[in-house]
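An overview of the molecular structure
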Amino acid sequence: PNNGIAAEAESEMVSWILRQGFNPSDLRALDRSGRSLWHAAATGRLERCKHLLTRGLGDMISHKGYDGRSPLMLAIINKKEETANWLIDNGADTGVIYSKKQVYPNPEYLVPSTTVFAVSAQYMSSGFVKELADKVAPEHLYEADEEDRSPMRLALRNPTSAVSILKYLILRGVDLRSKDFKLGYRQPRRQLLDWVEAEVRAHQTFVTLVLGCGVGGTRERSLTKEMLTQWRRSGRLSGGPNENQLLKLRGAGMTGARMRIGEFICRQGEEIKRLRRARVILSAAFAGSA
C-alpha cells in the first residue's frame, strides 16, 4: 500500500511539473522568466517544496528569477506563511534583496529593490515578522526601498497586523519617518497614536514610582533588568501611596540594586524619548490629514 501511495504522489508531482511548463527529466531548468520549479512550488502546496528538496535541489532554494524575486519572496507575497517558514528553516536566504538591476528583458517588468523583511511587514502576520526580525541584518528593519518605502510604511498596508507590527518596530528602536504616516490608513494610525500615548504615560508613571519609593528592604532573588521589565509591563508595581514598592525589586546588596535600578531607569528614559518622538510625528501626521 505504501508503494502505491508513493507512486501516486510521484505521478501527481510529474503532472504538476508538466503543468508548470517544465520537463520532469530536467528539474534544474528555468522558464522564460528565469524562475525555477522552486518559485512555482513556493506559491502552492508545501509538499511540492519538500519534494524538490528530496530530489537534491536544495542549492536552488534561493535562486532569483530575472525580476530578482526568490521563492521565499513569492511565498511571502502570496501569504504562504507555513511555506515561508519551511523555506527559511531549510536554508532560504532571508537577506536576499530583489532589485531593478535584475529585470526581465522587457523594461515594463522593472520592480523596486526591497528586502524580504519589508515585504513581510506588508503581507505576513506579526508573529512571522517578529521572528524574521532576529534573522535579518539590523538595517533591514528600517531601510527604505528605491521608491523610498520603509518597512513601517509597507506595514501600514497590512490588513490584519499593521498596528502590532508597527508597535514592535517602535519598541525595537526603529524611528518613525513623518512622510510614512501622512496619507491614508487612518484607523491604524489612530490606534498606533493611542498606544504610543498610553506607553508614554506608563513609562513615566513607572519611573516616577521607582524613584519615589525608597531603597530600603531586602529580597532573596537577584534583581535583573528582565524582572524590572516584567513588573512594569504587568502592573505589579501599582499599590498604595505609602507602600514601598522597591521591596519587590530588591536584589542582593543595596549598592548593586541601586546600580541596576539606575541603569534600568536610564534605559527607560531613552525609550520614553523615542516614544515621545513617535507621538509628535503621529500627532502631526494625524492632524494634517484630518
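Whatever comes next refers back to the structure up there.
Residues numbered from 1 in each chain as written. Predicted model: local features only at pLDDT ≥ 70, side-chain atom pairs only at ≥ 80, totals over all residues. Heavy atoms only, no water.

Counting its secondary structure elements, the protein chain contains 12 helices and 2 strands. Secondary structure of the protein chain in N-to-C order comes out as α-α-α-α-α-β-β-α-α-α-α-α-α-α. Taken over 290 residues, the protein chain has a buried fraction of 42%. In the protein chain, 70% of the contacts between residues at least 6 apart in sequence involve partners at least 24 apart. In the structure as shown, the protein chain presents an accessible area of about 15,100 Å², 50% of it carried by carbon and sulfur atoms. (Helix = DSSP H or I, 4+ residues; strand = E, 2+ residues; numbered from the N terminus. Buried < 20%, exposed > 50% of the residue type's maximum accessible area, 1.4 Å probe, protein only. Contact = heavy atoms within 4.5 Å. Areas by Shrake-Rupley, 256 points an atom, 1.4 Å probe, with all protein chains shown as cover.)

Right, let's get into the environment of L52. Among the secondary structure elements, L52 is positioned in helix α3 (residues 46-54). Expressed as a C-alpha distance, the spacing of L52 and M13, which sit 39 residues apart in the sequence, is 9.7 Å. Not counting residues within four places of it along the chain, the set of residues in contact with L52 comprises L37, W38, A41 and L57.

A few words on helix α7 (residues 126-133). Residues of α7 that are buried include every one of S126, F128, V129, L132 and A133, and no others. End-on view of α7: buried residues confined to an arc of 160°, all on one side of the axis. The elements touched by buried residues of α7 are α4 (71-77), α5 (81-89), α6 (116-123) and α9 (162-171). (Arc of directions from axis to C-beta.)

Under the definition given, this model contains 14 salt bridges. Close ionic contact of E12 with R48 constitutes a salt bridge, the shortest N to O distance being 2.9 Å. Note that E12 is positioned in helix α1 (residues 2-19) and R48 in helix α3, a separation of 36 residues in sequence. Overall, E12 belongs to the partly exposed group, its relative accessible area being 26%. The partner of R177 in a salt bridge is D148, and the shortest N-O contact between them spans 2.9 Å. In this pair, R177 is assigned in the loop between α9 and α10 (186-212) and D148 in the loop between α7 and α8 (151-155), connecting sequence segments 29 residues apart. Here the salt bridges share partners, and the residues they tie into one network are E12, R19, R45 and R48. (Salt bridge = Lys/Arg side-chain N within 4 Å of Asp/Glu carboxyl O.)

What follows concerns the packing of α7 against α9. Two elements in contact, α7 and α9, have axes separated by 9 Å at closest approach and are oriented at 25°. If you check the angle between α7 and α9, you find them roughly parallel. Here α7 runs over α9; the crossing is right-handed. Residues S126, V129, K130 and A133 of α7 form the contact with α9, whose own contacting residues are S164, I165 and Y168. (Axes fitted to C-alpha atoms, helices over the stretch in contact; angles between N-to-C directions. Parallel < 35°, antiparallel > 145°, perpendicular 65-115°, else oblique. Left-handed = near helix turned anticlockwise from the far one by under 90°.)

A few words on the environment of I88. Mapped onto the fold, I88 is located in helix α5. The sequence separation of I88 and L72 amounts to 16 residues, and the corresponding C-alpha distance is 7.7 Å. In contact with I88, not counting residues within four places along its chain, are L72, T94, F128, L132 and K135.

A few words on unusual backbone geometry. In this model, K79 sits at a positive phi of 60°, which is unusual for a non-glycine residue. Here K79 shows up in the loop between α4 and α5.

Our next topic: the nonpolar core. Formed by 59 residues in total, the largest nonpolar core has its most connected members in W38, L87 and F181. The greatest single-element share of this core, amounting to 6 residues, is contributed by helix α12 (residues 254-288). Residues in contact with F181, not counting those within four places in the same chain, are M152, L156, L166, L176, R189, L192, L282 and A285. (Core = buried A, V, L, I, M, F, W, Y, C linked by side-chain atoms within 4.5 Å.)

The topology assignment puts S70 in the loop between α3 and α4. By relative accessible area, which is 2% here, S70 ends up buried. With residues near it in sequence (within four places) discarded, S70 still touches H39, S62, H63, K64 and V96.

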